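What follows is the residue order along each chain.
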Amino acid sequence: MKLITAVIKPFKLDEVKAALETFGVKGLTVSEASGYGRQKGHTEVYRGAEYKVDLVPKLRVEVLVDDADADDIIDVIVKAAQTGKIGDGKVWAVPVETVIRVRTGETGPEAL
Amino acid sequence: MKIDSGNTAWLLVSTALVLLMTPGVAFFYGGMSRAKSVLNMMMMSFVSIAVVGMVWAVYGYSLAFTDGGGLNDFIGGFDDWGLVGLENAATLDDGTGIPSLVFVAFQATFAIITVALISGAIADRAKFGAWVVFTLIWVTIVYIPIAHWVWFFGPEDGEGGWIGAGIGALDFAGGTVVHINAGAAALALALVLGKRKGWPRDPMRPHNLPFVLLGAALLWFGWFGFNAGSALGANGTAAVAFINTLLATCGAAFAWIVVEKIRDGSSTTLGIASGAVAGLVGITPACAFVTPLGAIALGLVVGAVCAYAVSLKYKLGFDDSLDVVGVHMVGGIVGALLIGILATTAVNEAGADGLLAGGGVSLLGKQAVSVLATLAYSFIVTLIIGKLIDMTMGFRISEEDEVAGIDSTAHAETAYDFGSIHAGAGVGGTLAPSPAADGAPTKVEA
């Protein structure tokens, strides 16, 4: 199993969610995040004083998936989250040792 | 004297308009503060209404607007303390036919907003109790004397305060009494309290610009009462003051955003709101003495000058948090001095001719004296009051409280419930013990 984490632009959430649902992903977790990549943030000006906003608001979407599906799901997320402009975010996957469904106690792929 | 219902009606309305300016200041300043200290910022304005309102009735009005006998050049007397005897529809004996109590209330609103204006210099870091004590002392020994100097006129020519009745400097609605005074006091308090933690590395951006625009709008609306109400009648002078209050503000708001576009690349909402306030400040002393075109010119100058002036604090290194000095002190000075250039008796016979109307430099000189006297008295006395409060009860909150946010540490409240994708779900909040046992509704998590 893999945990796919995607940091995306907040307005892309609906598209990413829809794309994942179409692919058959049963559940996901969304949390607010902020950060920056190579391009850093942006500059705002208040009464002539510059304010550098390094930490840009993002959403973190996490999905637990079967190993076999991981690459396809990453593709789906990347396509849905892409605008082509800077700050589109990142997607990565890490191996997961154990998953347990809290309600039933099922483990492994059954718990996804 | 018989009551004039038209004049009285306009003054009653004006008084309510001017009172609305202080909540306007609360929004203007509150929006510019950080989210963790917006309530404290707004509270400082509201408490000045509470404290100064009472002071005004008990002794403030009397000390500012009655004859002080031998000390009449500098301060009034106690004849009207507690407003005793003013209830019976007594009218001002200046021919306006306004009940004295209406004038008392009108002037109370001026004292209130002047105190509230100062608070912008000490955002995020003043002990609330110290601020309350400060408002009480400051209005008593700084505002009241200056109001008397400029605005009290005795029955005979030349009788009254030394600036207005004495040397004949003009301040129609409070350029010196309100704005230079508040600005100089703000500078003194900013020096007493010192910089906010993290300033100027972090310019502490405004947390709610719509609040700032709302506050500026309320100020502009209320300012028609401030300036046109100062005519003390529903008359031609009020009309001049009214149109000039509109036009100078347009000029200044426009000039500020042009400066921003040239200097910073973008015209901002904070800029147009700030420019509007600067224009209102600048036209205040001059509103009944200049022509409408003069008002536009004054506004353009004030807007541009103040847009540059607000950056002075970074160069000089004092943390006037919300630019009370750059907007009110500088705007007030520019407006007061421009009277000496733009004033004309063609608009108002009670005024005087400035440089352009052929009056020479005499009026400009008088204006300069009134500006310098107000600056010096307000700055020095406020510095002393501030230091004394700092040495006795302490004026500044602890560093820990400042970082945590003064709203929660001083007032046990916070303005916003942050931090959830489901707005209002209360993530991160603490639920009180469930009241379900006694049948009260329980909180449902979204």
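The structure contained in this document is the topic of the report that follows. Owing to the predicted nature of the structure, the values given are computational and were not obtained by experimental measurement.

1. Structural notes on the packing of helix α4 (residues 128-151) of chain B against helix α13 (residues 362-392) of chain B
All names here are of chain B.
- Put simply, α4 and α13 touch, their axes get as near as 10 Å, and they point 155 degrees apart. By the criterion of interaxial angle, the relationship of α4 to α13 is roughly antiparallel. Handedness of the α4/α13 crossing: right-handed. Facing A130, V133, F134, I137, W138, I141, V142, P145, I146 and W149 of α4, the residues of α13 in contact are A373, T374, Y377, S378, V381, T382, I385 and I389.
- For the contact of α4 with α13, the class distribution of residues is 15 nonpolar, three polar and no charged.

2. A closer look at the nonpolar core
Residues and elements named next belong to chain B.
- Within the largest apolar cluster, 130 residues are counted, with the highest numbers of intra-cluster contacts made by W56 and Y143.
- At 14 residues, α4 tops the list of elements feeding residues into this core.
- The residues contacting W56, other than those within four sequence positions of it, are Y61, A64, F65, V104, Q107, A108, A111, Y143 and I144.

3. Description of the packing of aromatic side chains
Residues and elements named next belong to chain B.
- Considering all chains together, one arrives at 20 aromatic pairs over all chains under this definition.
- Ring centres of F65 and F103 lie 5.2 Å apart, and the angle between their planes is 80 degrees; this geometry places the pair in the edge-to-face category. Of this pair, F65 sits in helix α2 (residues 38-65) while F103 is found in helix α3 (residues 100-118), placing the two residues 38 residues apart along the sequence.
- On the basis of relative accessibility, which here comes to 9%, the residue F65 falls in the buried class.

4. With respect to the interface of chain A and chain B
- Counting from both sides, the interface comprises 12 residues of chain A and, opposite them, 23 residues of chain B.
- Contact between chain A and chain B buries roughly 1300 Å² in total, counting both sides, with carbon and sulfur atoms accounting for 61%.
- It is Y46, R47 and Y51 of chain A that lose the most area in chain A upon contact with chain B, and together they represent 61% of the buried surface on that side.
- Counting across the interface, chain A meets chain B through two salt bridges.
- One salt bridge in this structure joins D323 of chain B and R47 of chain A, with 2.9 Å as the shortest N-O distance.

5. Comments concerning the pattern of salt bridges
Residue and element names in this part refer to chain B.
- For the structure on display, the rule yields 13 salt bridges over all chains.
- Here D264 makes a salt bridge to R263, at a shortest N to O gap of 3.2 Å.
- Accessibility expressed as a relative area gives 24% for D264, which makes it partly exposed.
- Residue classification places R263 among the partly exposed residues on the basis of a relative accessible area of 28%.

6. Points about a negative patch on the surface
- A grouping of D66, D69, D71, D72 and D75 of chain A is seen on the molecular surface, where their side chains present a negatively charged patch.
- Among the secondary structure elements, D75 of chain A is positioned in helix α2 (residues 67-81).

7. Side note on the side chain of T268 of chain B
- Its place among the elements puts T268 of chain B in the loop between α8 (236-264) and α9 (269-283).
- With a relative accessible area of 18%, T268 of chain B lands in the buried category.
- A distance of 2.8 Å separates a polar side-chain atom of T268 of chain B from the backbone nitrogen of G271 of chain B.
- Not counting the four nearest positions on each side in its chain, T268 of chain B is found in contact with V45 of chain A together with I257 and E260 of chain B.

8. What about unusual backbone geometry?
- Put simply, W199 of chain B and P200 of chain B share a cis peptide bond, and its omega is 5 degrees.
- Structurally, the position occupied by P200 of chain B is in the loop between α6 (175-193) and α7 (209-228).
- Located in the positive-phi region is R47 of chain A, a residue other than glycine, with phi close to 50 degrees.
- Inspection of the secondary structure assignment puts R47 of chain A in the loop between β3 (42-46) and β4 (49-53).

9. A word on the sheet that holds strand β2 (residues 29-35) of chain A
All names here are of chain A.
- Here we have four strands laid out as an open sheet, ordered β2-β5-β1-β6, and antiparallel in their pairing. Either end of the sheet is taken by a strand with one partner, and the two such strands are β2 and β6 (89-95). On average, each strand axis in the sheet is tilted by 25 degrees relative to the strand beside it, whichever way the strands run.
- Pairing between strand β1 (residues 2-8) and strand β5 (residues 56-65): seven bridges, direction antiparallel. Within β5, the residue paired with L3 across the bridge is L64.
- Packed onto the sheet, helix α1 (residues 13-23) meets β1, β2 and β5 and runs at close to 10 degrees relative to β5.

Quick notes on the rules
- Residues numbered from 1 in each chain as written.
- Chains lettered and ligands numbered in written order.
- Predicted model: local features only at pLDDT ≥ 70, side-chain atom pairs only at ≥ 80, totals over all residues.
- Heavy atoms only, no water.
- Axes fitted to C-alpha atoms, helices over the stretch in contact; angles between N-to-C directions.
- Helix = DSSP H or I, 4+ residues; strand = E, 2+ residues; numbered from the N terminus.
- Parallel < 35°, antiparallel > 145°, perpendicular 65-115°, else oblique.
- Left-handed = near helix turned anticlockwise from the far one by under 90°.
- Contact = heavy atoms within 4.5 Å.
- Nonpolar A, V, L, I, M, F, W, Y, C, P; charged D, E, K, R; others polar.
- Core = buried A, V, L, I, M, F, W, Y, C linked by side-chain atoms within 4.5 Å.
- Buried < 20%, exposed > 50% of the residue type's maximum accessible area, 1.4 Å probe, protein only.
- Phe/Tyr/Trp six-rings, centres within 6.5 Å; stacked < 30°, edge-to-face > 60°.
- Buried area = accessible area lost by both parts, 1.4 Å probe.
- Salt bridge = Lys/Arg side-chain N within 4 Å of Asp/Glu carboxyl O.
- Patch = residues over 30% accessible without salt bridge, like charges linked within 9 Å, V, L, I, M, F, W, Y side chains within 5 Å.
- Areas by Shrake-Rupley, 256 points an atom, 1.4 Å probe, with all protein chains shown as cover.
- Lys, Arg positive; Asp, Glu negative; His and termini not counted.
- Charge placed at Lys NZ, Arg CZ, Asp CG, Glu CD.
- Polar contact = N/O pair within 3.5 Å; in protein donor to acceptor, adjacent residues only side chain to side chain.
- Pairing = 2+ DSSP bridges.

By themselves these figures say nothing about function.
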